[in-house]
Amino acid sequence: MLTFAAPKDMNLKVLQFLYDEESLSFRFMTDLQAVHYPDRIGEELCVVYHLHNLRDNVRIRFKVYTDVQAPDVFSTTALFAAANFMERETYDFFGVNFVGHPNLIRVLNVDEMDYFPLRKEFPLEDQTRVDKDDEMFGR
Amino acid sequence: MPIMSEDILLPEGAGEKQTTTLNLGPTHPATHGVFQNILELDGERILKATSTVGYIHRAFEKIAERRPLYQITPLTDRLNYCSSPINNMGWHLTCEKLLGVQTPKRVDYLRVIIMELARIADHLICNSIVGVDSGAYSGFLYLMQYRELIYEIYEEVCGSRLTTNIGRIGGFERNFTNTAFEKLEKFLKEYPEQLNEFEKLFKRNRIFMERTIGCGPISAERALNYGFTGPNLRAAGIDYDVRVHTPYSSYQDFEFSIPVGTTGDCYDRFLVRQQEMWQSLSIITQAYKKVQEFKGQEAEVYHADTPAYYLPEKKDVYTKMEALIWHFKIIMGETAIPPGEVYHAVEGANGELGFYLISDGGRTPYRLHFRRPCFIYYQAFPELVEGGLLSDAIITMSSLNLIAGELDA
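Remember, it's a predicted structure, so these values are computed and weren't measured experimentally. (Residues numbered from 1 in each chain as written. Chains lettered and ligands numbered in written order. Predicted model: local features only at pLDDT ≥ 70, side-chain atom pairs only at ≥ 80, totals over all residues.)

Undergrad: Would you mind going over the overall build of chain B with me for this structure?
TA: Counting its regular elements, chain B contains 17 helices and six strands. Expected size for 409 residues packed as a compact globule is a radius of gyration near 22 Å; at 24 Å, chain B falls within 12% of this value. Across the 409 residues that make up chain B, the buried fraction comes to 49%. Considering only residue pairs separated by 6 or more positions, chain B has 71% of its internal contacts joining residues 24 or more positions apart. (Helix = DSSP H or I, 4+ residues; strand = E, 2+ residues; numbered from the N terminus. Rg over C-alpha atoms; globule rule 2.2 N^0.38 Å. Buried ≥ 20, exposed ≤ 12 C-beta atoms within 10 Å, placed from the backbone. Contact = placed C-beta atoms within 7 Å.)

Undergrad: Mind showing me how you'd approach the overall build of chain A here?
TA: A tally of helices and strands in chain A yields two helices and six strands. Listing every helix and strand of chain A by position from the N terminus yields β-α-β-β-β-β-α-β. Taking the principal axes of its C-alpha atoms as reference, chain A extends roughly 60 × 30 × 30 Å. The 139 residues of chain A split such that 37% are buried. Considering only residue pairs separated by 6 or more positions, chain A has 52% of its internal contacts joining residues 24 or more positions apart.

Undergrad: Honestly, the nonpolar core in this entry has me stumped. Any pointers?
TA: Nonpolar side chains in soluble globular proteins tend to be buried together. Residues and elements named next belong to chain B. Judged by nonpolar contacts, the single largest core of 144 residues is most densely connected at Ile113, Ile114, Leu117 and Val157. Among the elements that line this core, the one with the most residues is helix α4 (residues 105–133), at 15 residues. Excluding anything up to four places from it in sequence, Leu117 contacts Ile150, Ile153 and Ile284. (Core = buried A, V, L, I, M, F, W, Y, C linked by C-beta atoms within 7 Å.)

Undergrad: Just to check I follow, could you spell out the environment of Phe228 of chain B for this structure?
TA: Residues and elements named next belong to chain B. Mapped onto the elements, Phe228 comes out in the loop between α8 (220–225) and α9 (230–235). Accessibility expressed as a C-beta count within 10 Å gives 29 for Phe228, which makes it buried. For the pair Phe228 and Gln379, spaced 151 residues apart in sequence, the C-alpha separation works out to 9.9 Å.

Undergrad: What is the right way to read the sheet that holds strand β3 (residues 45–53) of chain A from this model?
TA: What links the strands of a sheet is backbone hydrogen bonding, and the strands pair in either a parallel or an antiparallel sense. Residue and element names in this part refer to chain A. Across the sheet, which stays open at both edges, the four strands sit in the order β1-β4-β3-β2 with mixed pairing between neighbours. Only two strands of the sheet have a single neighbouring strand rather than two, namely β1 (2–6) and β2 (28–36). When the angles between neighbouring strand axes are averaged without regard to direction, this sheet yields 20°. Where β3 and strand β4 (residues 58–66) come together, nine bridges link them in antiparallel fashion. Within the sheet, the bridge partner assigned to Val47 lies in β4 and is Val64. (Pairing = 2+ DSSP bridges. Axes fitted to C-alpha atoms, helices over the stretch in contact; angles between N-to-C directions.)

Undergrad: It is not clear to me how the sheet that holds strand β3 (residues 45–52) of chain B should be interpreted in this structure. Could you clarify?
TA: All names here are of chain B. Ordered in space as β1-β2-β3, the three strands form an open sheet in which the pairing is antiparallel. A single partner strand is all that each edge strand has here, and the edge strands are β1 (20–24) and β3. In this sheet, neighbouring strand axes are inclined to one another by 20° on average, regardless of whether the strands run parallel or antiparallel. Strand direction decides the pairing type here: strand β2 (residues 36–42) and β3, joined by seven bridges, are antiparallel. Looking at β3, one finds that Gln36 is bridged to Thr52.

Undergrad: Before we go on, may I ask you to explain the interface of chain A and chain B in this structure?
TA: Accessible area lost during the coming together of the parts is what is often quoted as the interface size. Contact residues are listed per partner, giving 24 residues for chain A and 26 residues for chain B. With six residues, β2 of chain A is the largest single contributor of residues to the side of chain A that touches chain B. When its residues are assigned to classes, the side of chain A that touches chain B shows 15 nonpolar, six polar and three charged. (Nonpolar A, V, L, I, M, F, W, Y, C, P; charged D, E, K, R; others polar.)

Undergrad: Any chance you could explain helix α16 (residues 390–399) of chain B here in plain terms?
TA: Structurally, the α-helix is built with 3.6 residues per turn, so residues lying three or four positions apart point the same way. Residues and elements named next belong to chain B. Burial runs high along α16: eight of the ten residues are buried. The secondary structure elements touched by the buried residues of α16 are β3, α4, α7 (206–212), α11 (266–292) and α15 (381–385). Taken from the residues just after α16, Asn401 is the one with a positive phi, measuring 55°.

Undergrad: Help me understand the environment of Ile283 of chain B in this model?
TA: All names here are of chain B. Of note, Ile283 is situated in helix α11. Sequence separation between Ile283 and Phe256 is 27 residues, and the spatial gap between their C-alpha atoms is 6.8 Å. Residues within four places of Ile283 in sequence aside, it is in contact with Val112, Glu116, Phe254 and Phe256.

Undergrad: Any chance you could explain unusual backbone geometry here in plain terms?
TA: All names here are of chain B. Its identity as a non-glycine residue notwithstanding, His32 has a phi of 50°, on the positive side. Tracing the chain through its elements places His32 in the loop between β1 and β2. One non-glycine residue, Asn165, adopts positive backbone phi at about 50°. Its place among the elements puts Asn165 in the loop between α5 (138–158) and α6 (178–202). Its 18 C-beta neighbours within 10 Å are what place Asn165 among the partly exposed residues.

Undergrad: Before we go on, may I ask you to explain the environment of Gly170 of chain B in this structure?
TA: All names here are of chain B. Position of Gly170 among the secondary structure elements: in the loop between α5 and α6. Along the backbone, Gly170 and Gln102 are 68 residues apart, and their C-alpha atoms lie at a distance of 7.6 Å. Filtering out sequence-adjacent residues up to four positions away, Gly170 remains in contact with Glu96, Val101, Thr103, His303, Ala304, Thr306, Tyr309 and Tyr310.

Undergrad: Explain the packing of α4 of chain B against α5 of chain B to me, please; I cannot follow it from the model alone.
TA: To describe two helices that pack against each other, one gives the angle between their axes and the distance between the axes. Residue and element names in this part refer to chain B. One way to put it is that α4 packs onto α5 with a least axis distance of 9 Å and a crossing angle of 160°. The angle between the axes of α4 and α5 places the two elements in the roughly antiparallel class. Note on packing geometry: the crossing formed by α4 with α5 is left-handed. Where α4 abuts α5, its residues Ile114, Leu117, Ile120, Ala121, Leu124, Ile125, Ser128, Ile129, Gly131 and Val132 lie against Gly139, Phe140, Leu143, Met144, Tyr146, Arg147, Ile150, Ile153 and Val157. Classifying every residue of the contact of α4 with α5 by side-chain character gives 15 nonpolar, three polar and one charged. (Parallel < 35°, antiparallel > 145°, perpendicular 65-115°, else oblique. Left-handed = near helix turned anticlockwise from the far one by under 90°.)

In short, geometric facts, not functional conclusions.
Below, the structure written as structure tokens:
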């Protein structure tokens, strides 16, 4: 699958061009999510768009990198209604702040949560830990 | 002296128009799953709907970051649990795409049989539940026993029924037994008649038609913009099917058509699913015929030759050194996954079920994302029901085939 990246301020322009240009017409947003690369300083978070041209049956992957300190990326909800929940999910798990989203609140996690759980700094629980009183679940 | 209306003292604001706020869900029996909808009602008419999801979120994407590939299969079971084999196969196919594993044709055909059975099981539930919600309970009772036959086939192949964990990377855990094929034949023989009867009960039923035509419609353009896939998109008139657009598991070897609707309302969704069941039956028949053509040694093939990912037979583990090593490495999850990035989609019962897998060369995925069709089309729900009646919202919800497990991941 063709994969390319663009500066994050350009994401809306790129997506709009891919949508409008008759020979491209990527008008179906298949998927939107993020990946956290803690080692890439200055571009820790990567927002990945999967687009699909249904007429010619071509899929592309488009990436935008952003700093984790200022994770502001323009929202694509005006272009794709499908992006609404997917951007909320990405915000929920990675803390990407989608500028211009009509209702950017958590979607799957509880509202009171104050961290972004899919970032790499939150490891899963150590499976060998013994200090936990978990007799209810028989561990 | 007659009482004048001015004399009656009403509380302030009582004469103004009032709306009711109704909490539909999260444990309402009519929502068939853990969904919450806060509805603003004017009488019975819905003015505004706000949906809340996430009640059974289980953080599969995070859990998967610690598991070797074969341990992720049981997580995919729990996405759309009405058709878990499709999820399992989708996951195996994703892994095979990343690892570059070529599966033998017989495995592909066996997979197609199982996936299409799963599609029938899923559509059968959805359509009969639409019947239940519109007041026709008996259709559900007729069809439900045939899901039992499908589950018996799963049971014969993999040992479990609902959360199947069926298959392995590269193929199946064991060859299909004769009993499995006998059960399949029984199903192929008995089901069409029953499905026909079910269809007769609903298709031209005046009550059912009046109840579902024009209920929760969506235009093709809006459906595309909302990221609809699967039967719900096809009911709106767009013939997008992953099985045809990007064939996987040798779907290109089969003859079938994609049913499409026009208005995208509940009735069209019902008809599209109904027609898809017939198509699935035809695919299964073709696949079964192709499977029967394998003779002798070829009929014994049920997995690809990938020792690094496919568990060796138990008797070899006890007698052969190499098999023992592979067994240990696989079970302990010590096989490194080649670095790469793949997106693979299969036509799930609800639409395009995608797996986006990133590996950095470690033993577990660096990141795994599930594209869950339910999650994406559920956001259109307020638009579908606003302006309609409360009872229409219930039918719309069940005809979209919302599965909470898939929605929340």
